[in-house]
Amino acid sequence: MEKVGKKLAVLVGCNYENTQYRLHGCHNDVLAMRDVLVNRFGFDSQHIELLMDKPGSPVMPTGANIKKALNKMVDQAESGDVLYFHFSGHGTLIGKKKQDEAIIPLDFNYITNIDIRKIVNRVPEGATITILSDSCHSGGLIDKEKEQIGPSNKPKNQAEGKTIQSSQSCKPRFIPHETVLEHLTSLTNINTSDIGTHMLQLFGNEASLLFCLPQMELDLLKPLKQDEGILLSGCQANEECQDVGGSENENKAYGAFSHTVIAVLKKHSGPLSNKELVLMSRDVLKNDEHIETQHPCLYCSDENAEAVFLSQG
């Protein structure tokens, strides 16, 4: 790849404050990752947009605001730039066959794998976009991206990792699709199980492309060439990511995957490839007796699997 240019990031931490879906570690995740981006990877803090649902936050992490921030980042990008999107919050599966992955913003206006695919397709040639999603069912969040490490490509030999000593409580970062449907129905008063109807009623053209575009157009929304999208997902599409320690001490709560990635980066000061980082994170989580069913995955091109995470020099 060409010489590294600008480094831009959008970090989203959604704790769903004052709701029954409350999480505890998502703000801590993105604040910790911001420090890592600045201190290790040379990001300028002015080029990092932070969206959290803290009281008084200037920009709340709604679906429209997250997509606006991502599109603004892509609009600024040029060849050689490094883009990074981190999401810590709830995720879910949608569709009749539960085959589409989505992250759940504060207002429940889903951002789906189709929306992420469209954003990745807009990244200029020669730039990369790395997405880390610490949310349930996040495997496959870039639609039609090639699986490098995941349920179909399980690693045979894993690098050694460091065990997280955790006696803390865990909560899945997952809201069932049916629960979201109930919530949306209470807002629209429309009696239908078609979630797209509710999304379009509530959010109009800010709703996900999954609900706005006919199937024929969705089928055409695929990589036109080998793209520069890189997804590090906290778990496989059929698994849940864990929010750890919130009931004991909110200030020390964290997402298991975000915490693990940061721990691996701290332990290894030299450059790590995307593949190495995911394999090491898998090892750490495998050795944590409290995290039983969370296997981080990597989706990207063969070349980007071997490329250095965030182009660290």
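Everything numeric in this text was worked out from a predicted model, so none of it was measured. (Residues numbered from 1 in each chain as written. Predicted model: local features only at pLDDT ≥ 70, side-chain atom pairs only at ≥ 80, totals over all residues. Heavy atoms only, no water.)

## Considerations on the sheet that holds strand β9 (residues 170-172)
With respect to topology, three strands assemble into an open sheet ordered β9-β11-β12, the strand pairing being antiparallel. Looking at strand neighbours, the two that pair on one side only are β9 and β12 (254-255), the edges of this open sheet. (Pairing = 2+ DSSP bridges. Helix = DSSP H or I, 4+ residues; strand = E, 2+ residues; numbered from the N terminus.)

## Regarding the pattern of salt bridges
Close approach of charged atoms lets side chains of opposite charge pair. In total, this model carries twelve salt bridges according to the counting rule given. In this structure, the salt-bridge partner of E78 is K6, at a minimum N-O distance of 3.0 Å. Taken together, the positions of E78 in the loop between α2 (63-76) and β3 (82-88) and K6 in the segment before β1 (7-13) put the pair 72 residues apart, joining distant regions of the chain. Owing to a relative accessible area of 27%, K6 belongs among the partly exposed residues under this scheme. (Salt bridge = Lys/Arg side-chain N within 4 Å of Asp/Glu carboxyl O. Buried < 20%, exposed > 50% of the residue type's maximum accessible area, 1.4 Å probe, protein only.)

## Quick notes on the sheet that holds strand β5 (residues 100-103)
With antiparallel pairing, three strands are arranged side by side in an open sheet as β4-β5-β6. In this open sheet, the two edge strands, each paired with only one partner strand, are β4 (91-94) and β6 (111-112).

## A few points about the nonpolar core
Within the largest apolar cluster, 50 residues are counted, with the highest numbers of intra-cluster contacts made by F85 and Y110. Here the element with the most residues in this core is α2; it accounts for five residues. Listed in part, the 32 residues of the second largest apolar core include L37, V264, L265 and C300. (Core = buried A, V, L, I, M, F, W, Y, C linked by side-chain atoms within 4.5 Å.)

## Some points on the confidence of the model for the protein
Per-residue confidence for the protein gives a mean pLDDT of 88; residues scoring 70 or more make up 87%. Contacts for the low-pLDDT stretch residues 157-167, under 50 throughout, to residues beyond four places or in other chains number 24 contacts. (pLDDT = per-residue confidence, 0-100. Contact = heavy atoms within 4.5 Å.)

## A few points about the packing of helix α4 (residues 177-188) against helix α5 (residues 195-203)
Between α4 and α5, the least distance of the axes is 10 Å, while the angle of their chain directions is 45°. For the element pair α4 / α5, the angle class is oblique. Crossing geometry of α4 relative to α5 is assigned as left-handed. Residues H177, V180, L181, L184, T185, L187 and T188 of α4 lie in contact with α5, whose contacting residues are I195, H198, M199, Q201 and L202. Across the contact of α4 with α5, the residue classes tally to seven nonpolar, five polar and no charged. (Axes fitted to C-alpha atoms, helices over the stretch in contact; angles between N-to-C directions. Parallel < 35°, antiparallel > 145°, perpendicular 65-115°, else oblique. Left-handed = near helix turned anticlockwise from the far one by under 90°. Nonpolar A, V, L, I, M, F, W, Y, C, P; charged D, E, K, R; others polar.)

## Some words on the state of the cysteines
For the structure shown, the criterion picks out zero disulfides. C14 provides the cysteine sulfur closest to C26, a residue in no disulfide bond, and the two sulfurs are 7.2 Å apart. Judged by its relative accessible area of 0%, C26 is buried. (Disulfide = S-S within 2.5 Å.)

## Side note on helix α9 (residues 274-286)
A rise of 1.5 Å per residue sets the reference length of α9, with its 13 residues, at 18 Å; its end C-alpha atoms lie 18 Å apart and thus fit the reference within 8%. Listed as buried for α9 are N274, L277, V278, L279, M280, S281, R282, D283, V284 and L285. Where α9 is buried, its residues meet β8 (147-149), β10 (229-233), α8 (256-267), β13 (297-299) and α10 (302-306). (Expected span 1.5 Å × (residues − 1).)

## Some words on the environment of L298
Note that L298 resides in strand β13. C-alpha separation for the pair L298 and S233, spaced 65 residues apart in sequence, amounts to 6.5 Å. In this structure L298 touches K146, E147, Q148, I149, I230, L231, L232, N274, K275, V278 and A305, once residues within four positions along its chain are discounted.

## Points about the pairing of β1
On a regular strand, each side chain points to the face opposite its neighbour's, so the side chains alternate between the two faces of the sheet. For β1, a buried count of seven out of seven residues is recorded, marking the element as mostly surrounded by other parts of the structure. Alignment of β1 against strand β2 (residues 48-52), held across five bridges, turns out to be parallel. Residue pairing for β2: V10 is matched across the bridge by E49. Note on the crossover from β1 through helix α1 (residues 26-39) to β2: the handedness is right-handed. (Right-handed = clockwise from strand over helix to strand, strands pointing away.)

## Focus: the pairing of strand β7 (residues 128-134)
The element β7 is extensively covered by neighbouring structure, given that seven of its seven residues are classed as buried. Side chains T128, T130, L132 and D134 of β7 all project onto a buried face; the interleaved residues I129, I131 and S133 project onto the opposite face, where all are buried too. Pairing of β3 with β7, which is carried by seven bridges, proceeds in the parallel orientation. Each residue of the ladder has a partner; that of S88, found in β7, is D134. In terms of strand pairing, β7 meets β10 through five bridges, oriented parallel. Following the sheet pairing, I131 is matched in β10 by L231.

## Some thoughts on the packing of aromatic side chains
To describe a pair of aromatic rings, you give the distance between the ring centres and the angle between the ring planes. As enumerated under the stated definition, the model contains three aromatic pairs in all. Aromatic side chains Y21 and F108 sit 5.3 Å apart centroid to centroid with 65° between the ring planes, which places their arrangement in the edge-to-face category. Of this pair, Y21 sits in the loop between β1 and α1 while F108 is found in the loop between β5 and β6, placing the two residues 87 residues apart along the sequence. Using a relative accessible area of 4% as the deciding quantity, one classes F108 as buried. Ring centres of Y84 and F309 lie 6.4 Å apart, and the angle between their planes is 90°; on these two criteria the pair is classed as edge-to-face. Here Y84, found in strand β3, pairs with F309, found in the segment after α10; they are 225 residues apart in sequence, far enough to count as distant. With relative accessibility at 0%, the residue Y84 sits in the buried group. (Phe/Tyr/Trp six-rings, centres within 6.5 Å; stacked < 30°, edge-to-face > 60°.)

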